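Spelled out from the first residue to the last, the chains are:
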Amino acid sequence: KMTYLSTNITPYDRKNRIDTIKDNIKKKERQIVVTTQLAEAGVDIDFDVVYRDFAPIDSLVQSAGRCNRNSEKEKGEVRVIKLINEKGNPCCNRIYDGVLLQETEKILRNVKSIDEKDVYDIVDRYFQNVKWHISDDKSNEILKALKMFHFSDIRKSFQLIENQPYKIDVFVPRNNEAIQVLKQVQDIVQRVHHAKKEERFKLQEEFDRMKGQFYQFVISVNKNKITDDKKASEYQGFFMPVIQRKYYKDETGFDDSEDDCPYYMV
């Protein structure tokens, strides 16, 4: 069985797929999961073998955390490879900071294998090396998180792009449940337009109560993949672009192969 996970897939579908993966693991069924960095943190799944494209050491360690996570085997296996694009360039260069990749390359260049007991020393050396490229305060913050094994804090410190202005949230009318949720929100929006100031607060509270359900069908996409960027970028609160169902594929999620994706506003 093969499963695909990425942020192109709605949280609703990701949860269902992760639940299925866990069930298959319990049944001891052989399966392959293809995923982006999404699985590095916050996804509690366990595999015998992990193949990981080259990345900064903290990301490699996060991925390794998905291997033999529940210690059901004597030893798990994580293999680091370097994917090359059609132009002969490493794919990781498009995602991660060059300095972090360079320092990782230096440390791992002549390393054939690493035992789990040696990971701390290697990660410590990595951050000591990178420390010269960032402020002392940031270095101390990272080293403190490292000693406490708070790798999620470390990843936040090394986030390449703090915010992503080229991204925009869109609603996906994935199924009947999503369509019903959308209709409820559209009703709220219509009432807001004709409501007095004090009534708008109540309508906002009404939306807040269903916000969790609403955002189960929301994904972030590149602005240049949907039409009328200017209008889409000006939405506020729960006014949000809604893409057509045909641009969301059952297996791979949002289809960005088209030049643009028409939408309408909630």
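Now for a look at the structure at hand.

What counts, and where the lines are drawn
- Residues numbered from 1 in each chain as written.
- Predicted model: local features only at pLDDT ≥ 70, side-chain atom pairs only at ≥ 80, totals over all residues.
- Heavy atoms only, no water.
- Pairing = 2+ DSSP bridges.
- Helix = DSSP H or I, 4+ residues; strand = E, 2+ residues; numbered from the N terminus.
- Right-handed = clockwise from strand over helix to strand, strands pointing away.
- Salt bridge = Lys/Arg side-chain N within 4 Å of Asp/Glu carboxyl O.
- Buried < 20%, exposed > 50% of the residue type's maximum accessible area, 1.4 Å probe, protein only.
- Core = buried A, V, L, I, M, F, W, Y, C linked by side-chain atoms within 4.5 Å.
- Contact = heavy atoms within 4.5 Å.
- Arc of directions from axis to C-beta.
- Polar contact = N/O pair within 3.5 Å; in protein donor to acceptor, adjacent residues only side chain to side chain.
- Axes fitted to C-alpha atoms, helices over the stretch in contact; angles between N-to-C directions.
- Parallel < 35°, antiparallel > 145°, perpendicular 65-115°, else oblique.
- Left-handed = near helix turned anticlockwise from the far one by under 90°.

1. With respect to the pairing of strand S4 (residues 77-81)
- In this structure, strand S3 (residues 49-53) lies alongside S4, joined through 5 bridges in parallel fashion. Considered in S4, the bridge of aspartate 53 is made with isoleucine 81.
- The handedness of the S3 to S4 crossover, carried by helix H2 (residues 57-64), is right-handed.

2. Comments concerning the pattern of salt bridges
- Counted according to the given criterion, the structure contains 11 salt bridges.
- A salt bridge links aspartate 250 to arginine 174; the nearest nitrogen and oxygen atoms lie 3.4 Å apart. Here aspartate 250, found in the loop between strand S8 (248-249) and strand S9 (253-254), pairs with arginine 174, found in the loop between strand S5 (167-171) and helix H7 (176-193); they are 76 residues apart in sequence, far enough to count as distant.
- Relative accessible area serves as the criterion here: at 44%, aspartate 250 is assigned to the partly exposed category.
- Through salt bridges with shared partners, one network takes in Asp13, Arg174, Arg245 and Asp250.

3. A closer look at the nonpolar core
- By size, the foremost hydrophobic cluster in this structure holds 17 residues, and its most contacted members are Phe171, Val185, Ile188, Phe207, Met210 and Phe214.
- Of all elements in the fold, only H7 and helix H8 (197-214) reach the threshold of two or more residues within this core.
- Excluding residues that lie within four positions of it along the chain, methionine 210 makes contacts with Val181, Gln184, Val185 and Ile188.
- Core analysis: the second largest hydrophobic core is formed by 16 residues, Tyr96, Ile122, Tyr126 and Val130 among them.

4. Topic: helix H3 (residues 98-108)
- Taken together, the buried positions of H3 are occupied by Leu100, Leu101, Glu103, Thr104, Ile107 and Leu108. Take H3 and look down its axis: the buried residues cluster within an arc of 165°, on one side only.
- For H3, the secondary structure elements touched by its buried residues are H2 and helix H4 (119-130).
- With a side-chain oxygen positioned 2.9 Å from the backbone nitrogen of valine 99, the residue opening H3 is aspartate 97.

5. Considerations on the packing of H7 against H8
- H8 packs onto H7 with a crossing angle of 165° between their chain directions and a minimal axis gap of 10 Å. With respect to H8, the element H7 is oriented roughly antiparallel. Judged by the sense of rotation from one axis to the other, the crossing of H7 with H8 is left-handed. Along the contact surface, H7 presents Glu177, Val181, Gln184, Val185, Ile188, Arg191, Val192 and His193, while H8 presents Arg200, Leu203, Glu206, Phe207, Met210, Gln213 and Phe214.

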